Structure formats: C-alpha cells, structure tokens
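Structural overview
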Amino acid sequence: MTTRRSSRVSRTPRRLGYSSGYEPYPTTATARAALKSEGRRIVPDVPIQIPKAPETDKQLKVLSVDLLTERNGKAHHTDEYETEELVLRRGQLFYLDVEFDRPYDADSDSISMEMLMGSRPRVSSGTRRVFPPVKGEVAHDEPGVQILSTSGNKASLKAYLESDSIIGLFDLVVVTETEGEDEYRFDVETKIYVIFNPWFKHDATYMPKEEERKEYVLNDEGAYFYGSKVQIGGAPWYQGQFESIAIECVFHLLKKSGLTYSYWNQPHNIVRSLSALINSQDDDGVLVGNWSGDYSDGVEPTDWTGSISILKQYMKTGKPVKYGQCWVFGSLFTTAMRAIGIPSRTITNFASAHDSDANLTLDYHFGEDDLSLGDLDEDSIWNFHVWNDAWMARPDLPEGYGGWQAVDATPQETSRGSFRMGPASLSAIKRGHVYLDYDTKFAFAEVNAETVYWKVFDNPRKAPEVITVDSDNVGQHISTKAVGKMARHDITECYKFHEGTQKERMSVLTASKYVKSAKNFMKDVPKDVQFSVELPQDVVIGSDITITVRVKNTSKATRSVPVSVSGSTVFYTGVKKATVVQSKRTLKVSPGATEDFNVTITAEDYFDSLTEFAGFVFFIMAMVSETKQSYSTQKDFVLQKPELTIEAEENLKVNKPFSITVSFQNPLDFPLTGCRFRIEGPGIDGHRVEQFRQVKPQEEVTHKIRLTARRIGQRHLNVTFGCNEIKGVKHSIPVTIK
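Quantities reported herein were computed from a predicted structural model and do not represent experimental measurements. (Residues numbered from 1 in each chain as written. Predicted model: local features only at pLDDT ≥ 70, side-chain atom pairs only at ≥ 80, totals over all residues. Heavy atoms only, no water.)

**What to know about the overall build of the protein**
Our working definition: Only runs of H or I of at least four residues qualify as helices and only runs of E of at least two qualify as strands under DSSP, and these elements are numbered from the N terminus. Restricting the calculation to C-alpha atoms gives the radius of gyration, and the globule rule supplies 2.2 Å times the number of residues raised to the power 0.38. Summary of the burial criterion: residues with accessible area below 20% of their type's maximum are buried, those above 50% are exposed, and those between are partly exposed, where the area comes from a 1.4 Å probe applied to protein chains only.
Of regular secondary structure, the protein possesses twelve helices and 39 strands. Computed over C-alpha atoms, the radius of gyration of the protein comes to 30 Å, within 12% of the 27 Å expected from 2.2 N^0.38 for 738 residues, which places it in the range of a compact globule. Expressed as lengths along the three principal axes of its C-alpha atoms, the size of the protein is roughly 110 × 60 × 50 Å. Out of the 738 residues belonging to the protein, those deemed buried represent 56%.

In structure tokens:
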C-alpha cells in the first residue's frame, strides 16, 4: 500500500537544508554505491589483524579480567542496563581487576590497554583507543591506565576514557610488556559500550542539573501529548532505554547510516543520522509511517504503548515495522537517544504548521460561496505534531546556540536528500535565525508561521484577495513531560517569544528576511462587528456536536452578515478525510444586538468517516455586507474516547505471576468488533497482545490479564484497547514490585 504523506498533494521531495554545510557521510544508497565506482579510491574492507607475539617464558601472561560491572555501573549511572556488555560513559574513570600467571614486577613489567571497534580499527578514526601506562595519577581528560595495587598474581587497575572518544561497541585488550619486549595481548571476553556522559562538564552532552539528568537520561517511563490546542490529552510510553535491544539497535542503525566513525564523537552528527533511520523512507529504517487509516497488514499506530516491542520486531525480522505516526516516531527517538546517553525529551506542538513551500505562511483558499477549496491548499496545520528535543553543544555553530535542539524522525520533507529534520537550535528558532543548520527554517515555521485566508474568484483573471491573516494560530501549548512527575509541562517560551510582543514580531521579521517573496496582505476596513465561535466540551464518540457562531453588532446601524460553516473529519495531520457539514445563513443584527448561528452534526453524519484520531476541522467564514469587514477562522475539535479502568493485585513479587483487571463501557449504540488489548511496561515479561470478544452496545465489560513481574521497584503498566470502531483507548497505573 502507498504510505500517506502529511501534505495534501503529492510532490517531488525537496531539500530543506538551508546552507551548504558538509555532510560527513553519503545520504542515499545510490551515493554510497557511487563511492565504490571505478576511478575512485577504494577503501579496503579486509579486516585489519593486529599480530600477537609468540608466547615466551618471560611474558607476563593475563589469565582473567574482571570488569567490576557493579562498581563501574553505579559510578557511570549505567547499572540499570540489562546487557551482557559493560556500559561506560566517556570522560570518566573505570576500574578492573587482572589476574596474571605470576606476580607483577614494577621494575620490568608494564601494563597498557586498547579498545578496538569494527573490523578495521585505526587510531586516526578513533576506533582504536590506546591507554598507555601511567605511573602517577591519570592526567585530566587523557587516556591512560594506572596500577592501584597488587597482591600476589593479581592487580587492580583504573583507566580513563577521554571525553571526546567516539561512542560504540568496543573490544577490550589488556597488553603487557616485560623489559620493553615480550608483549602479551589478552582479549577480554566481555565487550564494552561507550556512550555519552551528561554528568561530565567537558562532554558535549553535559547537563548541569541532576534532576534533569534523572528525567531526560535515566527515566524509562515517558509520556506524549495529543489532541488539539483546546483539548489536550496525554498517554504514557515505556521508553525502555535500558533493555539490551535498545542500545544494540541504535548502534546497528548508526553502522547502517554510513556515518564515518570519526564523527561518532559529536552528538549533532549522531542525532541527524538517527533521525533519518528511525523512519523507513530512507534505507529501510525502523518504522513505516502510515496516515491512510488502513493498517490491515500491520499494527495500528494508536496500539503502540512502548518502544521495545517495535525495536525487537525490527531487529528480529530486519524489516521496517508497520506502522507509526508522529508520536510513535518521537517516542521511539527518545528511547534511541537516551540509550546512548543523549538527554532527550518528547515534544508536542499543538496547531503545528507544515509549510510546504517554505514561505513562512500557511495559505488557505475559499471560493466566492465561502466554501473551502481544499485542492488549492498545499500547506496544512496538524492538530498536533510530536518531535524531539536533544541536549548538546553545537561546535558547528557560532557560540550561543547549544542546549536544546529540535530533531524530528517523522518523514515530512527531505533535508539534503533524506527524510529527517534537525538538529535545529531552539535559540536559533526563537530568534528567527533560520539560516543556521539544520532545517531551522522549517522548524521555525512549525511554531511561528502565519495563517493567510484567501478569496479565490470564479473569474480566473481576477487575482485572489486576502480575507484575513491569523498571526497567533500556530505553535500553541508546546508540551513535554514534566521533570520528576507524570504531568504536562508547557515549554512554548523555549521556542518563541510571547505572541504579539515586540520580540516575537522581531523574530518573525528576522526570519522573513530569508524568504524569497514577502507578502503585504491586509486592506483597511471598518471593524464594528465582533465574532466568536463556541464548541462543546467533553463530547464522547457517538454524541451529536453543536457549533455556535456568535455575531455582535457594536455599530449604530443594522448589519447584514452572511455566515458559512463547513466541517470535515480529519487526520491529526490536518488532512481532510470527508466533509460532514456545510451550512450557510445570513444574520440580520440590530445595533448593539447579538445573534447566534447554531449548526448541529449528528453522530450519523460523521461516524462512518471518523478517523482514529476522532478529530474535526471547522472553517467559519463571514463578511459584513455594508462594510466588507471579513472574518475567517479555523477551529479544531476532538471527540472524547471511553475511559479504561485498571486494577492490579496487591503485594506483587518479582518473578511471580499476577493479574490486572481492565474495565470499560462501549459508548456506542452498536457493537464493537475486532477488540484487542495491548500491554507493555518496565518490569513485566515483554509486551502482550490479547484478543477480546465482541462488545455489545452500551455494555460494560471487564477483562483479566495475567502477567509476570521481573524487575523490583515502582513501575507503570500501560494498557491500550482498540477495535474496528474506536482506536487508541489508553490508560496506565503504577505498581510496586518487591
């Protein structure tokens, strides 16, 4: 099937990189193949063998190495990783104990180490790290190994891994020499993952506040937000960055990306590569995007509750997982970045602009009958869009643009040949510095574009006219999970100055300097009629919807006001699925009076064309006949889904089965079919999918699910209910496992 893109029309992918910055890797399979073409220098792919000296009696032979996993794990904040490999953060000491075949002799013996990555380890690329012997203390941020103590045939060592080391999976080799000769090399069986270190002030990911490091690096229970700018909902997400499959998959993707190893030490290169490979548009990445509503050959995006089930399926099959939408891409990306030590958070932007023609405006067109001309609208406003922030220094940009960076793995537009976005500095976005790498112009438009409503005339020779301009519709309630608690935190001020302020207008003007054509829009007309629109609150699926347009005449003369209302069901990307109402009426409003125009949409009108998002968009148009004052607005609306109730047994024990009971009521007057539950969370035995029977109209049901706890501590269980009629009903409960 064809993947539905977020824009309304099919277009040739364009490049949204706004400078000629160097990309340190080929961005497409074709480009990588070209590197091996005739006439180009071919880099050998034969493994480099580091020779071992013949064994002699004088050698100090290593018998065993203990990497002190528990001690190093606690010191490096990596003790929660469920891997067989040791996980270390760069820029920090680590310890190991070595056993030899004879006592160590300080006068004749020396001990060094090497860390090797890949089949062709080289010092120049960072894939061969040499730790020379150091007699005194290890120098600051210099590699070295020091002997702390010896006892019989054993020695305790400490080593330092410098803060600019590349990240990756390394083999460790302990090397001994006797009298400057007689080298002996011992390959340690346990491999070592090296990741970024937000605790170390010289690391590019250094984050000064401990409570933020706990949230953005160590918390494996996340959340994302959805809905519309007037109806915000939230859902839990199991990040699972400590499960072995997470870090394994990230380094698999980095190797797949073709990013040169020597660039694996800078987080801005890493996240840019990963943003292309979280989606499957380029080089068969992790997740297939699908906005069509047809998910019959995969999993519905609303069913996912965590990252691990997706990553396991991808690594097991080697094929992209079907299907995801923006909150799945964003939550998955958070897992990937936290797994390798990059502080990250999942971001939701409500009323998020998709500026397809890069002019910093969103253009909507209406005919002379005041009805929407959707075929002319190439831009769109997503009810919400989820992306990520990643915390890092930006040595590739001028000073002052480090900190949070916007990155997006949802395949919207191409950036220098690949579907990806960012990293774009939030400082640059906020100030309108859209000329800075990467994709800052596109990110600026998502939160700051102006909405322009156009009147298109039947006479094609008559130029369209602007009806109105909305400067504060886009980029509302930009949200992320709060630090230390399961709550929404509004971070709009991180992305933009307060709407209407001088700083905000200056930011827009600065950005507009880098748009090829600016537009002078509005005509001055008297404005003596006030308009407002009211939508009901907390309307459950299956109920009727009534929208009210209120017109107040503040003039001293009667006003004749034609008002039109059109409404459509929409995908959350703002793409219309079907028109469900079109209504028009002329109001005669006396001086000082107020008149209402009520439009009702019944459940029968909308249900068959409802999307899994259960969203609508309403366009309201009006013009005062006497003064030509015009009014236009777009209102988003989302129906509420039924609530799940979850109860768990008490006194849960690790490795012991337990039950949870899920209850809910069918709000519809017809049965629910194809029912299923999906359960995922930390501390249980994997994710589960359970089929359920048909649910009768208005029936209250309960379902018992058996699970096994496998990790001690306070955990959250995430449950999703879905069926053919209602998608993505979610709930989460905390449980304590002893």
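**Notes on the environment of tyrosine 314**
Test applied: What makes two residues a contact is simply this: any of their non-hydrogen atoms within 4.5 Å. As used in this structure description, the phrase polar contact means that two N or O atoms lie within 3.5 Å; if the pair is within protein, one of them must be able to donate a hydrogen and the other to accept it, and residues adjacent in sequence are counted only when both atoms belong to side chains.
Structurally, tyrosine 314 can be placed in helix α6 (residues 308-317). Between the C-alpha atoms of tyrosine 314 and glycine 285, which are 29 residues apart in sequence, the distance is 8.7 Å. The residues touching tyrosine 314, leaving out its near neighbours within four places in the chain, are Cys249, His252, Leu253, Lys256, Asp284, Gly285, Val286, Lys319, Pro320 and Val321. Side-chain polar atoms of tyrosine 314 contact the backbone oxygen of aspartate 284, separated by 3.3 Å.

**A few points about the nonpolar core**
Applied cut-off: Buried Ala, Val, Leu, Ile, Met, Phe, Trp, Tyr and Cys residues form a nonpolar core when they are joined through side-chain atoms within 4.5 Å.
One finds Leu96, Ile270 and Ile340 to be the most contacted residues of the largest nonpolar core, which totals 92 residues. It is helix α7 (residues 326-339) that provides the largest number of residues to this core, a total of nine residues. Every residue in contact with isoleucine 340, bar those within four places of it in the chain, is listed here: Tyr81, Ile167, Ile195, Phe196, Val250, Phe251, Ile270 and Leu274. Listed in part, the 60 residues of the second largest apolar core include Ala603, Cys675, Phe677 and Ile726.

**Here's the deal with the packing of aromatic side chains**
Worth spelling out the cut-off: Here a pair means two rings of Phe, Tyr or Trp (six-membered ring of Trp) with centres within 6.5 Å. Their orientation is stacked below 30 degrees between planes, edge-to-face above 60, and tilted elsewhere.
All chains considered together, the criterion is met by 31 aromatic pairs. Consider the rings of tyrosine 193 and phenylalanine 251, whose centres lie 5.6 Å apart with planes at 15°: the pair is stacked. With tyrosine 193 in strand β10 (residues 192-195) and phenylalanine 251 in helix α4 (residues 244-257), this residue pair connects regions lying 58 residues apart in the sequence. On the basis of relative accessibility, which here comes to 5%, the residue tyrosine 193 falls in the buried class. For phenylalanine 251, a relative accessible area of 9% gives the class buried.

**Overview of a negative patch on the surface**
Keep this limit in mind: What goes into a patch is any residue over 30% in relative accessible area without a salt bridge, connected to like charges within 9 Å or, for nonpolar side chains (Val, Leu, Ile, Met, Phe, Trp, Tyr), within 5 Å. Shrake-Rupley sampling with a 1.4 Å probe provides the accessible areas, and residues are treated as covered by the protein chains on show and by no other component. Salt bridge, as applied in this entry: a Lys or Arg side-chain nitrogen positioned within 4 Å of an Asp or Glu carboxyl oxygen. Charged residues are defined narrowly, with Lys and Arg counted positive, Asp and Glu counted negative, and His plus the chain ends left uncounted. Where a charge sits is defined by one atom per residue type, namely NZ (Lys), CZ (Arg), CG (Asp) or CD (Glu).
Among the surface-exposed residues, Asp544, Glu604, Asp605 and Asp608 lie close enough to one another that they form a single negatively charged patch. The residue aspartate 605 is located in helix α12 (residues 603-606) in this model.

**A closer look at the side chain of glutamine 92**
Here glutamine 92 is to be found in strand β3 (residues 92-100). The class for glutamine 92 is buried, based on a relative accessible area of 16%. Dropping the residues within four chain positions of it, glutamine 92 is found in contact with Ala75, His76, Ala159, Tyr160, Leu161 and Asn197.

**Focus on the confidence of the model for the protein**
The criterion, for reference: The quantity called pLDDT is the predictor's confidence in a given residue, expressed from 0 to 100.
The predicted model of the protein has a mean per-residue pLDDT of 89, with 92% of residues at 70 or higher. Confidence drops under a pLDDT of 50 for residues 1-22, and excluding neighbours within four residues, the segment shows 72 contacts in the predicted structure.

**Notes on the environment of phenylalanine 616**
Mapped onto the elements of the fold, phenylalanine 616 is located in strand β31 (residues 615-623). Apart from residues lying up to four places away in sequence, phenylalanine 616 is in contact with Asn383, Ile545, Ser568, Thr569, Val570, Val580, Tyr606, Leu610, Lys635, Asp636, Phe637 and Leu639.

**A few points about the sheet that holds β31**
The condition is simple: Any two strands with at least two DSSP-identified bridges between them are counted as paired. Only the contacting stretch of a helix is used when fitting its axis, a line to C-alpha atoms as for every element, and angles between N-to-C directions run 0 to 180 degrees.
Read from one edge to the other, the open sheet built from four strands follows the order β29-β28-β31-β32, with strand pairing classed as antiparallel. Looking along the sheet, the strands with just one partner apiece sit at the ends: β29 (576-589) and β32 (630-638). Averaged over all pairs of adjacent strands, the angle between strand axes in this sheet comes to 15°, irrespective of strand direction.

**As for the packing of α4 against α7**
Formally: Any angle that is under 35 degrees is reported as roughly parallel, and any over 145 degrees as roughly antiparallel; angles of 65 to 115 degrees are reported as roughly perpendicular and all others as oblique.
For the pair α4 and α7, interaxial distance at closest approach is 9 Å and the crossing angle is 90°. Here α4 is positioned roughly perpendicular relative to α7, judged by the angle of their axes. Across the interface between the two elements, Ala246, Ile247 and Val250 from α4 touch Thr335, Ala336 and Ala339 from α7.

**Notes on the packing of α4 against helix α5 (residues 267-277)**
Each pair of packed helices can be described by the angle between their axes along with the distance between the axes. Between α4 and α5, the shortest axis-to-axis distance is 9 Å and the interhelical angle comes to 95°. Taken together, α4 and α5 sit at an angle that is classed as roughly perpendicular. Here α4 contributes Val250, Leu253, Leu254, Lys256 and Ser257 to the contact with α5, which in turn contributes Ile270, Ser273, Leu274 and Leu277.

**Description of α5**
α5 sits mainly inside the fold: eleven of its eleven residues count as buried. Buried within α5 we find Pro267, His268, Asn269, Ile270, Val271, Arg272, Ser273, Leu274, Ser275, Ala276 and Leu277.

**Digging into unusual backbone geometry**
With omega at 5°, the peptide bond leading from lysine 322 into tyrosine 323 counts as cis. With respect to the helices and strands, the residue tyrosine 323 is situated in strand β14 (residues 321-324). A cis geometry characterises the amide bond from glycine 422 onward to proline 423, with omega recorded as 5°. Within the secondary structure, proline 423 is located in strand β21 (residues 421-425). A positive phi angle, close to 55°, is found at alanine 351, a residue other than glycine. In this fold, alanine 351 is placed in strand β15 (residues 344-354).

**As for the environment of lysine 588**
Looking at the secondary structure, you find lysine 588 in strand β29. Considering only alpha carbons, one finds lysine 588 and serine 560, 28 residues apart in sequence, at a separation of 4.8 Å. When sequence neighbours within four positions are dropped, the list of residues in contact with lysine 588 reads Arg559, Ser560 and Glu595. In this structure the side chain of lysine 588 is engaged in a polar contact, spanning 3.4 Å, whose partner is the side chain of serine 560.

**Focus on the sheet that holds strand β16 (residues 361-366)**
Here we have three strands laid out as an open sheet, ordered β16-β22-β23, and mixed in their pairing. At either margin of the open sheet sits one strand with a lone partner, and together these are β16 and β23 (465-470). Neighbour-to-neighbour, the strand axes of this sheet turn through a mean angle of 25°, independent of strand direction. Two strands pair when backbone bridges link them, and strand β22 (residues 450-455) and β23 are joined in this way by five bridges, in the antiparallel orientation. Paired with lysine 455 across the strands is glutamate 465, a residue of β23.

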